[in-house]
Amino acid sequence: MKSKIVLITGATQGIGKEIALALANNGHHVIIHGRNNTKLQTVAREIKNASGNNNVDIITADLFSLSEVKNMADEFKRRYDRLDVLINNAGAFLNKQREVTGDGLEKTMTLNLFAPFLLMKSLTDDLLKSSSARIINLSSAMHRRGGRPDLGDVQSEKKYSPARAYGLSKLYLIWITRYMAKQLADKGIKNITVNATHPGAVATNFGQDSDKGFITNMIFKIALFFMDKPSKGAAASIFLATSPEVENITGEFFDN
Ligand SMILES: NC(=O)c1ccc[n+]([C@@H]2O[C@H](COP(=O)([O-])OP(=O)(O)OC[C@H]3O[C@@H](n4cnc5c(N)ncnc54)[C@H](OP(=O)(O)O)[C@@H]3O)[C@@H](O)[C@H]2O)c1
């Protein structure tokens, strides 16, 4: 298989790190993203040692800041001549209190929706330079659990709970995936596919650090015992990134 240039957001732990390791094992050039440079360097070293592949680079940006997302895309353009696979994996289930970023935007939507959308848009030119490019957006089965969408209140100013913000962000991510696929088709672009996926219920650090309220915090802790390993959670994304079977499939949602 030809080596692909793959950018994975949120690859310092959990599912993203497993995707990065598997793709490095398969000889791909992997760029792992995170917000903490020291953690990124440690993970890059681990993946290089485990895979024997030295083509593991790091790129840093806090995805709560849209200007950092833009800077990250600009840095990517300076460093690489094309992008074959973009995996928008970074995401979180946040606190019981609504929080806003420095830009004044609700944090869950910023991380789970606005950042991946901005990254897709900013890197489209780089994906166009690939003979066959793919975008994979990590959504969630929780997209069914956010309640009734309210496009007049995307920032959850009127009604907020972490589950609602998370569920709706993942629903909108699927809508944005379909929208991107349609936009690319309308422009006659055939070499970029864009799909969304649910990785399964996976035992990672997901939702473990946030304060969601006593009962929800306990449910998240207990659930860890019944969840899949991160390597299983990574499987659908690895399949979507590399399998010839999905070469021309776009605008779809893949359950794990
Ligand atoms: N685990 C599940 O059961 C499950 C189920 C459905 C969907 N998903 C989705 O799968 C994806 C991966 O989740 P996971 O389970 O692997 O979670 P995780 O272990 O918590 O990893 C999340 C990753 O996102 C990064 N991240 C978080 N906030 C960030 C920010 N502001 N800027 C930059 N990076 C940030 C984290 O970096 P740090 O190391 O700096 O924190 C980490 O690398 C998410 O989109 C999640 O919604 C997970």
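Residues numbered from 1 in each chain as written. Predicted model: local features only at pLDDT ≥ 70, side-chain atom pairs only at ≥ 80, totals over all residues. Heavy atoms only, no water.

Caption draft 1: Broad picture of the packing of aromatic side chains. Counted by the stated rule, this structure contains 8 aromatic pairs. Ring centres 6.4 Å apart and planes at 55° place the aromatic pair Phe-117 and Tyr-179 in the tilted group. Highlighted residues: Phe-117 in helix 4 (residues 107–122) and Tyr-179 in helix 6 (residues 162–186), separated in sequence by 62 residues. Three or more aromatic residues link up through ring pairs in this structure, and these residues are Phe-93, Tyr-166, Phe-206 and Phe-220. Sitting above the plane of the Phe-64 ring, Lys-107 keeps its charged end 4.8 Å from the centroid. When the ring centre of Phe-220 is taken as origin, the NZ or CZ atom of Lys-212, which lies over that ring, is 4.8 Å away. (Phe/Tyr/Trp six-rings, centres within 6.5 Å; stacked < 30°, edge-to-face > 60°. Helix = DSSP H or I, 4+ residues; strand = E, 2+ residues; numbered from the N terminus. Lys NZ or Arg CZ within 6 Å of the ring centre and 35° of its normal.)

Caption draft 2: Inspection of the site of the ligand at higher detail. Neighbouring residues of the ligand: 31 residues in total, closest Thr-12, Lys-39, Asn-89, Tyr-166 and Thr-204. Arg-35 has a polar side-chain atom sitting 2.8 Å from an oxygen atom of the ligand. Between the ligand and Lys-39 there is a distance of 2.6 Å, counted from an oxygen atom to a side-chain nitrogen or oxygen. For the ligand, the protein covers 94% of the area, taking 910 Å² as the surface of the free molecule. (Near = heavy atom within 4 Å. Polar contact = N/O pair within 3.5 Å; in protein donor to acceptor, adjacent residues only side chain to side chain. Areas by Shrake-Rupley, 256 points an atom, 1.4 Å probe, with all protein chains shown as cover.)

Caption draft 3: The pairing of strand 3 (residues 56–60), seen in detail. Looking at chain direction, strand 2 (residues 29–34) and strand 3 are connected through 5 bridges and run parallel. What sits directly across from His-33, in strand 3, is Ile-59. In the classification by handedness, the crossover that spans strand 2, the intervening helix 2 (residues 37–51) and the parallel strand 3 is right-handed. (Pairing = 2+ DSSP bridges. Right-handed = clockwise from strand over helix to strand, strands pointing away.)

Caption draft 4: Structural view of the sheet that holds strand 6 (residues 192–198). What the 7 strands build is an open sheet, ordered 3-2-1-4-5-6-7; its pairing is parallel. What marks the edges here is a single partner per strand, and that holds for strand 3 and strand 7 (253–255). The average undirected angle you get between the axes of adjacent strands in this sheet is 20°. Against the sheet, helix 1 (residues 14–25) contacts strand 1 (5–8), strand 2, strand 3 and strand 4 (85–88), and its axis sits at roughly 170° relative to strand 1. (Axes fitted to C-alpha atoms, helices over the stretch in contact; angles between N-to-C directions. Contact = heavy atoms within 4.5 Å.)

Caption draft 5: Quick peek at the pattern of salt bridges. Under the counting rule described, the total for this entry stands at 10 salt bridges. In this structure, Arg-79 and Glu-75 form a salt bridge, with 2.6 Å as the shortest nitrogen-oxygen distance. Of the two residues, Arg-79 and Glu-75 both sit in helix 3 (residues 66–79), 4 residues apart, roughly one turn of that helix. For Glu-75, a relative accessible area of 24% corresponds to the partly exposed category. A salt bridge links Lys-96 to Asp-211; the shortest N-O distance between them is 3.8 Å. Linking Lys-96 in the loop between strand 4 and helix 4 with Asp-211 in the loop between strand 6 and helix 7 (214–223), this pair joins segments that are 115 residues apart in sequence. Among the residues examined, Lys-96 registers a relative accessible area of 42% and is labelled partly exposed. (Salt bridge = Lys/Arg side-chain N within 4 Å of Asp/Glu carboxyl O. Buried < 20%, exposed > 50% of the residue type's maximum accessible area, 1.4 Å probe, protein only.)

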